[in-house]
Amino acid sequence: MQNLWQDLRYGARMLWKQPGVALIALVTIALGIGANTAVFTVVNATLAHGLPYRAPEELVHLWERTPQKDFPRREASYPDFLDWRQSQTLAGVAAYSGCQMILQNNAEPVPVPCASVSANFFALLGVEPVLGRLFTNEEEQSGAAKVLLISHSAWQQRFGGDPKLIGQALRINNDQGDESWTVIGVLPPSFHFAPRGPSEFWQLIAPSENRRQRRGMHWVNVIGRLKGDAKSQASSAQAELQTIGQRIAQEFPESHTNTGIFLEPLQVEVIGSVKPLMYALLAAVALVLLIACANVANLLLVRASARQKELAIRLALGANRFAIVRQLLTESLLLALIGGALGIVLARWGVDALIAAIPAGRLSGMPYLRDLALDGRVLAFTSGLTILTGLVFGLAPAWQASKPALQTALKEGGRTSTGGGQRMQQTLVAVEIALALVLLIGAGLLVKSVLRLWQVNPGFNAEKLLTMSFTATGKKYDTPESLAAFHQQLLERAATVPGVRGVATIDILPLLDGNTSIGYAAGRPVPPPEEMTEFNYRVASDNYFRLIETPLLQGRDFTSQDNAQTPNVIIVNQTLAHRMFPDQSALGQRIITGRVEDNYEIVGVVADARITGLDTPIKPIIYRPFLQEPDRDAILLARTTGDPLLLADTLRRECQALEPGLVVFFTRSLESIAANLPATFMRRYPALLLGAFAGLALLLAAIGIYGVMSYSVAQRTPEIGLRLALGAQATDVLRLVVGQGLKLIVIGLALGLLGALLLTRWMETLLFQVKATDPLTFVVIALLLTLVALLACWIPARRAARVDPMIALRCE
């Protein structure tokens, strides 16, 4: 301990004597460790901590497997959920579904996101309220009192944390109209459940009679809890659910033939899509840290070369090699410890930056990223990383410096450079170039994926389209006729707003997945379910296709005559028309969905549009006219002449002037919605971060090349002076120095290309229409790195070419 304390004091004095070197090393280490700590904090919260529920490894999500290729899995119908609930191998089965409520207690109605759940939902997750109680099984029965649970954030923000809220009645408007709901409990602040978006109010599932009875209406999400050990119980539960599925298929062959049930861990459902992203970011910052270590190691090699005379004297006076290595390693670890402490400070800002780069809409579905902190696991990771970093960048220079050539080092004025030290420096530079190339290629592939995604033709024009969700409240809209009349008046009023070029409504926005159903062509034998066509289902107003600029290929558009008093009609997309009627025109044909009486005449065929995502195949779609399926909830779309968001307030006021009880919310542009889609986010976010890390790696690599070449030039100053004195030209010196650097660049590029070919294959799930071995990206990035590296070589080479031969020879 006495020797260690002595080494620490001596090391601190030596670092203090060279503050410039120490500062550069500390900043480099702090950046590397800070970036790694920040990313590990996010990865740790996502993959290691698991979901914030009791025994999350036991929780599973249940899906119905379908024979249709376009929709391989789907939610359960309510009758299916009741059957699945009879499972004996699962400790419990619960249901949830998204919904929307209108809080009417205030002067102005306020939309509140909510969720409908079964009575045992919170008990299954292991959640206890901080106030009040949970739902009871009796309250789940039809006709029971209307009760609510509210989230902790809603309790604080909407009700000021009033403990007297329990037992109070709130005026709520939903699908059943205006009713009084009683608050029975407040959920804990740590509870977040948002696979389908955040919820502030929680109600019991109360399906309509139609939804309660129909097997073909799939709208319920189902979760379960395994009994005991999750690994051993999963296969038993899967086998039992398969048996239940087969029984349902035998009883209801018209809707469930060849369907099955499968389960997957709830954690996979919630975070499965972001796992490749987390691993990619972790790998990227690890490469940045390795480059930082190589830079610091090079810095210490230069510093050790300057100290070789001091080290030679210590060896000559009896110090052993182990003592020299220990002293130099102590200095390296001291640098690493200080840099690690600075890295933790940077990591706090880094975590905030990583979270700030996530759009609010995406972050709301990531409850595991709330309240991130540098906890014990993260600090242990940082401590271990700091020590490992100190050893990595300190061991090689220490070992190299501990074996100087004593006679050369002790000569007065002798040069202290050794061939071994130079070779190690050059090796480290080649490694830096290779690692930087891997990072740059990874970032380049992701950037190209984002560009390819934005080049996809969605089949509609999202430019200058304002979207505005609205709900018509009040008893006067309880009938389809009143809703249809109000809908027409709203469209006419909105179209008169200055700056609005056209308006229409839709129930689900383009690019957002929606309701699905199955059907078959009328007039033909009823096919088995696996041969039926599964399609996406939308309800639109007339003028919708003209507004979004999706071409009508055949037939006609909806009109105001397509109402409840006229025959049911639909418009289909080109994919559905070709699939169901490959050898004839779809116009005039009829499609049956579910029951025989649910049949519709095709009056139009529109061009295909990617309404379920830019990166998903085009799926069959049918559109129903709004006047034949009126609803309180809809989305108004307005094409504007300028920035759509500048007209949002005006349009809202005009709509509410027509109906004061109209609730307007989620006012956004369609372009912003497209920019924040999961497919876009899952490529744009890593492209942004990997681009930042790759830029840092490129800068560090350039600094490393510049440092080594500058040091080499300084060591070879007498040789260069002699060459110039003997008649060499400046261009010869430039060629000599740049040629030396070019060898390192070529070696680094070869290693980097090989590493990129091996490592970028792990990124395939993050890429879109781009191969992990895309040759153009590899060539362009390699050329870019070569140009930067050559510039870093050219600067010291140019300085070498200007050496005065007399001054150089005099120094010798």
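Residues numbered from 1 in each chain as written. Predicted model: local features only at pLDDT ≥ 70, side-chain atom pairs only at ≥ 80, totals over all residues. Heavy atoms only, no water.

Student: Got a minute to help me understand the overall build of the protein chain in this structure?
Tutor: Scanning the protein chain for helices and strands turns up 26 helices and 22 strands. Out of the 812 residues in the protein chain, the part that is buried amounts to 53%. In the protein chain, once contacts between residues fewer than 6 apart in sequence are set aside, the share between residues at least 24 apart is 81%. By element, 59% of the accessible surface of the protein chain is carried by carbon and sulfur atoms, the whole surface being about 35600 Å². (Helix = DSSP H or I, 4+ residues; strand = E, 2+ residues; numbered from the N terminus. Buried < 20%, exposed > 50% of the residue type's maximum accessible area, 1.4 Å probe, protein only. Contact = heavy atoms within 4.5 Å. Areas by Shrake-Rupley, 256 points an atom, 1.4 Å probe, with all protein chains shown as cover.)

Student: Is there a simple way to think about the side chain of threonine 471 in this case?
Tutor: Assignment of secondary structure puts threonine 471 in strand β12 (residues 465-472). Separated by 2.5 Å, the side chains of threonine 471 and aspartate 633 make a polar contact. Contacts of threonine 471, omitting those with residues within four sequence positions, involve Ile102, Asn173, Arg632, Asp633, Gly661, Leu662, Val663 and Phe665. (Polar contact = N/O pair within 3.5 Å; in protein donor to acceptor, adjacent residues only side chain to side chain.)

Student: Explain the packing of helix α24 (residues 730-759) against helix α25 (residues 775-801) to me, please; I cannot follow it from the model alone.
Tutor: In helix packing, the relevant descriptors are the interaxial angle and the interaxial distance, both defined with respect to the helix axes. For the pair α24 and α25, the least separation of the axes is 8 Å and the interaxial angle reads 150°. Viewed along their axes, α24 and α25 adopt a mutual orientation that is roughly antiparallel. Crossing of α24 against α25: the hand is right-handed. Residue-level contacts link Ala730, Val733, Leu734, Val737, Val738, Gly741, Leu742, Ile745, Leu749, Leu753, Ala756 and Leu757 of α24 to Phe778, Ala782, Leu785, Thr786, Ala789, Leu790, Cys793, Trp794, Ala797, Arg798, Ala800 and Ala801 of α25. Among the residues forming the contact of α24 with α25, the class breakdown is 21 nonpolar, two polar and one charged. (Axes fitted to C-alpha atoms, helices over the stretch in contact; angles between N-to-C directions. Parallel < 35°, antiparallel > 145°, perpendicular 65-115°, else oblique. Left-handed = near helix turned anticlockwise from the far one by under 90°. Nonpolar A, V, L, I, M, F, W, Y, C, P; charged D, E, K, R; others polar.)

Student: Please explain the packing of helix α17 (residues 480-495) against helix α20 (residues 648-658) as it appears in this structure.
Tutor: Across the interface, α17 lies against α20 with an axial gap of 10 Å and an inter-helix angle of 140°. One finds that α17 runs oblique with respect to α20. The hand of the α17/α20 crossing is right-handed. Contacts between α17 and α20 pair Phe486, Gln489, Leu490, Arg493 and Ala494 from the former with Leu651, Glu654, Cys655, Ala657 and Leu658 from the latter. Grouping the constituent residues of the contact of α17 with α20 by class yields seven nonpolar, one polar and two charged.

Student: Sorry if this is basic, but what is going on with a nonpolar patch on the surface here?
Tutor: On the surface, Leu23, Val27, Leu31, Val345, Leu346 and Trp349 cluster together into a nonpolar patch covering about 550 Å² of accessible area. Elements with a contribution of two residues or more to the nonpolar patch: α2 (19-48) and α12 (321-356). Within the secondary structure layout, valine 27 lies in helix α2. (Patch = residues over 30% accessible without salt bridge, like charges linked within 9 Å, V, L, I, M, F, W, Y side chains within 5 Å. Salt bridge = Lys/Arg side-chain N within 4 Å of Asp/Glu carboxyl O.)

Student: Would you mind going over the nonpolar core with me for this structure?
Tutor: Here is a general trend for soluble globular proteins: nonpolar side chains tend to be buried in one another's company. Counting 100 residues, the largest nonpolar core has Phe121, Phe122, Phe191 and Trp202 as its most contacted members. Ranked by residue count, the leading element in this core is helix α22 (residues 678-715), at 16 residues. (Core = buried A, V, L, I, M, F, W, Y, C linked by side-chain atoms within 4.5 Å.)

Student: Which parts of the structure should I look at to understand the pattern of salt bridges?
Tutor: In a structure, side chains of opposite charge can pair up when their charged atoms sit close to one another. Enumeration over the complete set of coordinates arrives at twelve salt bridges. For the salt bridge of arginine 225 with glutamate 58, the shortest nitrogen-to-oxygen distance reads 3.1 Å. Of the two residues, arginine 225 is situated in strand β10 (residues 221-226) and glutamate 58 in the loop between α2 and β1 (59-65); the sequence distance between them amounts to 167 residues. Of the two residues, arginine 225 and glutamate 58, both sit in the buried class.

Student: Before we go on, may I ask you to explain the side chain of serine 97 in this structure?
Tutor: Along the polypeptide, serine 97 turns up in strand β3 (residues 90-103). Residue classification places serine 97 among the buried positions, given a relative accessible area of 11%.

Student: Sorry, what's going on with the packing of aromatic side chains here?
Tutor: Two descriptors summarise a pair of aromatic rings, namely the distance from one centre to the other and the angle between the planes of the rings. Tallied over the entire structure, the rule returns 13 aromatic pairs. On the basis of an interplanar angle of 70° and a centroid distance of 5.3 Å, the ring pair of tyrosine 544 and phenylalanine 545 is categorised as edge-to-face. Taking the relative accessible area as the measure of exposure, tyrosine 544 reaches 2% and is therefore buried. (Phe/Tyr/Trp six-rings, centres within 6.5 Å; stacked < 30°, edge-to-face > 60°.)

Student: Is there a simple way to explain the environment of tryptophan 181 in this structure?
Tutor: Topologically, tryptophan 181 is positioned in strand β8 (residues 177-186). Measuring from C-alpha to C-alpha, the distance between tryptophan 181 and leucine 148 comes to 6.5 Å, with 33 residues separating the pair along the chain.

Student: Help me out: how do you make sense of α17 in this one?
Tutor: Each α-helix turn comprises 3.6 residues. Residues three or four places apart therefore point the same way. With 16 residues, α17 extends 23 Å from end C-alpha to end C-alpha; this agrees with the ideal 22 Å at 1.5 Å per step. Every buried residue of α17 is accounted for by Ser482, Leu483, Ala484, Phe486, His487, Leu490, Leu491 and Ala494. Looking at the packing, one finds that the buried side of α17 touches β12, β13 (500-506), β21 (633-640), α20 and β22 (662-669). (Expected span 1.5 Å × (residues − 1).)

Student: I'm lost on unusual backbone geometry in this one. Help?
Tutor: For residues other than glycine, phi is negative in most cases, and the peptide bonds are mostly trans. The phi dihedral of lysine 464 is positive, around 55°, even though this residue is not glycine. As for its position among the elements, lysine 464 is in the loop between α16 (419-455) and β12. Judged by relative accessible area, which is 28%, lysine 464 ranks as partly exposed.

Student: I'm lost on α24 in this one. Help?
Tutor: Here α24 is 30 residues long and its end C-alpha atoms lie 42 Å apart, about the 44 Å a rise of 1.5 Å per residue gives. Within α24, burial applies to Val733, Val737, Gln740, Gly741, Leu744, Ile745, Gly748, Leu749, Gly752, Gly755 and Ala756.

Student: Please clarify how the pairing of strand β18 (residues 590-593) should be interpreted in this entry.
Tutor: The side chains of a regular strand alternate, residue by residue, between the two faces of the sheet. With three bridges connecting them, strand β14 (residues 515-521) and β18 associate as antiparallel partners. Bridging across to β18, alanine 521 finds its partner in isoleucine 591. With three bridges joining them, β18 and strand β19 (residues 599-606) adopt antiparallel strand pairing. What sits directly across from isoleucine 592, in β19, is asparagine 599. (Pairing = 2+ DSSP bridges.)

Student: Before we go on, may I ask you to explain the environment of leucine 576 in this structure?
Tutor: Following the sequence through the fold, leucine 576 ends up in helix α19 (residues 574-580). Between the C-alpha atoms of leucine 576 and isoleucine 618, which are 42 residues apart in sequence, the distance is 9.8 Å. Ignoring sequence-local partners within four residues, the contact set of leucine 576 consists of Phe535, Phe581, Ile591, Pro620, Ile621 and Ile622.

Student: Looking at this model, I keep getting lost on the environment of leucine 587. Mind explaining?
Tutor: With respect to the element layout, leucine 587 can be found in the loop between α19 and β18. Excluding its chain neighbours within four sequence positions, the residues that come into contact with leucine 587 are Gln554, Gly555, Ile602, Val603 and Gly604.

Student: Got a minute to help me understand the pairing of strand β15 (residues 533-540) in this structure?
Tutor: Where burial is concerned, most of β15 is hidden: eight out of the eight residues are buried. With five bridges joining them, β14 and β15 adopt antiparallel strand pairing. Considered in β15, the bridge of serine 517 is made with phenylalanine 535. Where β15 meets strand β20 (residues 621-625), five bridges bridge the pair, whose relative direction is parallel. Looking across to β20, one finds that asparagine 536 is bridged to isoleucine 621.

Student: Is there a simple way to think about the confidence of the model for the protein chain in this case?
Tutor: When pLDDT is low, close inspection of the predicted coordinates is not appropriate. Averaged over the protein chain, the pLDDT score is 79; the fraction of residues at 70 or greater is 81%. Every residue in residues 412-417 scores below 50 in pLDDT, and together they form twelve contacts with partners more than four places removed in sequence or on other chains. (pLDDT = per-residue confidence, 0-100.)

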